[in-house]
Amino acid sequence: AQSVAQPEDQVNVAEGNPLTVKCTYSVSGNPYLFWYVQYPNRGLQFLLKYITGDNLVKGSYGFEAEFNKSQTSFHLKKPSALVSDSALYFCAVRDMDFNKFYFGSGTKLNVKP
Amino acid sequence: ETGVTQTPRHLVMGMTNKKSLKCEQHLGHNAMYWYKQSAKKPLELMFVYSLEERVENNSVPSRFSPECPNSSHLFLHLHTLQPEDSALYLCASSQVLLAADNEQFFGPGTRLTVL
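Residues numbered from 1 in each chain as written. Chains lettered and ligands numbered in written order. Predicted model: local features only at pLDDT ≥ 70, side-chain atom pairs only at ≥ 80, totals over all residues. Heavy atoms only, no water.

To continue, consider the overall build of chain B. Helices and strands together make up the secondary structure of chain B, namely 0 helices and 11 strands. Ordering the α and β elements of chain B from the N terminus gives β-β-β-β-β-β-β-β-β-β-β. A compact globule built from 115 residues would reach a C-alpha radius of gyration of about 13 Å, and chain B, at 13 Å, matches this within 12%. Each principal axis of the C-alpha atoms in chain B carries an extent, and together these give about 40 × 25 × 25 Å. Scored against the burial criterion, the 115 residues of chain B give a buried share of 50%. Summed over all atoms, the accessible surface of chain B reaches about 5,300 Å², with 50% contributed by carbon and sulfur. For chain B, the distance from the average position of its 10 positive side-chain charges to the average position of its 11 negative side-chain charges is 12 Å. (Helix = DSSP H or I, 4+ residues; strand = E, 2+ residues; numbered from the N terminus. Rg over C-alpha atoms; globule rule 2.2 N^0.38 Å. Buried < 20%, exposed > 50% of the residue type's maximum accessible area, 1.4 Å probe, protein only. Areas by Shrake-Rupley, 256 points an atom, 1.4 Å probe, with all protein chains shown as cover. Lys, Arg positive; Asp, Glu negative; His and termini not counted. Charge placed at Lys NZ, Arg CZ, Asp CG, Glu CD.)

Another point: the interface of chain A and chain B. Listed as interface residues are 22 residues of chain A and, on the opposing side, 27 residues of chain B. At the surface where chain A touches chain B, the tally comes to 1 salt bridge. Glu103(B) serves as the salt-bridge partner of Lys49(A), at 2.9 Å between the closest nitrogen and oxygen. Of the residues forming the side of chain A that touches chain B, the biggest block, 4 residues, is contributed by strand S5 (residues 32-38) of chain A. Taken together, the residues of the side of chain A that touches chain B sort by class into 11 nonpolar, 6 polar and 5 charged. (Contact = heavy atoms within 4.5 Å. Salt bridge = Lys/Arg side-chain N within 4 Å of Asp/Glu carboxyl O. Nonpolar A, V, L, I, M, F, W, Y, C, P; charged D, E, K, R; others polar.)

All names here are of chain A. The element strand S10 (residues 87-94) is largely enclosed, with a buried count of 7 among its 8 residues. In the sheet, S5 pairs with S10 via 7 bridges, with the strands oriented antiparallel. The residue of S10 that forms the bridge with Trp35 is Cys91. Relative to strand S12 (residues 107-112), S10 runs antiparallel, the two being bridged by 3 bridges. When the sheet's bridge partners are listed, Tyr89 is paired in S12 with Thr107. The sheet contact formed by S10 and strand S11 (residues 101-103) spans 3 bridges and is antiparallel. Bridge pairing links Val93 to Tyr102 in S11. (Pairing = 2+ DSSP bridges.)

Another aspect to go through is the side chain of Gln25(B). All names here are of chain B. Turning to its location among the elements, Gln25 is positioned in strand S3 (residues 18-25). Of the residues examined, Gln25 reaches a relative accessible area of 2% and is grouped as buried. For Gln25, the side chain forms a polar contact with the main-chain nitrogen of Gly28, separated by 3.2 Å. Of the polar contacts made by the side chain of Gln25, one reaches the backbone oxygen of His29; its length is 2.8 Å. Here Gln25 is in contact with Gly3, Val4, Met32, Ser71, Ser72 and Ser93, once residues within four sequence places are set aside. (Polar contact = N/O pair within 3.5 Å; in protein donor to acceptor, adjacent residues only side chain to side chain.)

Counting residues in each nonpolar core, the largest one holds 28 residues, and the members touching the most others are Trp35(A), Leu47(A), Leu48(A), Phe74(A), Leu76(A) and Tyr89(A). Secondary structure elements with two or more residues in this core: strand S2 (10-14), strand S3 (19-21), S5, strand S6 (44-50), strand S8 (64-68), strand S9 (73-78), S10 and S12 of chain A. Take this core: its biggest share by element is 4 residues, from S10(A). Sequence-distant contacts of Leu47(A), defined by excluding residues within four places in its chain, comprise Trp35(A), Tyr36(A), Val37(A), Gly59(A), Ser60(A), Tyr61(A), Phe63(A), Leu76(A) and Tyr89(A). In terms of nonpolar packing, the next biggest core, distinct from the first, is built from 22 residues, Leu11(B), Phe47(B), Val60(B) and Cys91(B) among them. (Core = buried A, V, L, I, M, F, W, Y, C linked by side-chain atoms within 4.5 Å.)

This part takes up the sheet that holds strand S1 (residues 4-7) of chain B. All names here are of chain B. With respect to topology, 4 strands assemble into an open sheet ordered S1-S3-S8-S7, the strand pairing being antiparallel. At either end of the open sheet lies a strand with only one pairing partner, and these are S1 and strand S7 (64-70). Put simply, the sheet's adjacent strands are angled 20° from each other on average, direction ignored. Bridge analysis of S3 against strand S8 (residues 73-79) gives 7 bridges, and the strand direction is antiparallel. (Axes fitted to C-alpha atoms, helices over the stretch in contact; angles between N-to-C directions.)

Relative to S12(A), S2(A) is paired through 5 bridges, and the arrangement is parallel. When the sheet's bridge partners are listed, Asn12(A) is paired in S12(A) with Asn110(A).

Encoded structure:
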């Protein structure tokens, strides 16, 4: 069955340090992978996606994500965290059944000054 | 902003009430979606519309009734809801449905509380 797992409910990091938010997936066929961010009282905003090609994908606000097929992972990363990055982050996957989107349960990122 | 608006932003209703949530997208997209977001749970895809036709209904109870009168508007009609239906309801759109690499654009959501 298709699914997405975000193993951490919360990630805490100091401002200026690198951050990683983890995501693993299970899907039949080639995955289409997405990261979204949700700020308080707002809807989800698209950050980046992996469709094909280079395993390292760059997105908005300095975020990037690395697709690892052997580990079925798509971790979100940023070299230097900002306090303003504090938000809820969702990983999502879509497969060739175009009607289906699968979201993780979200990871709350706390960046402390 | 994302180009997707939702009204109302907050709604409190009793279990016997009937209300409707509205979503409007100004992006010229052809696909629209309703999601339910509950705390610490994955987003639940409820309904999918493509070119005003419903193409997916993920075993949603009949007390939720969607309507898509045109490609820019999507409604979710609510009646005889239960307290466990309290959640954030998100609307989203994408350019086309039959393109797996299309990202979705989300509205800010309607925070629903059922008493």
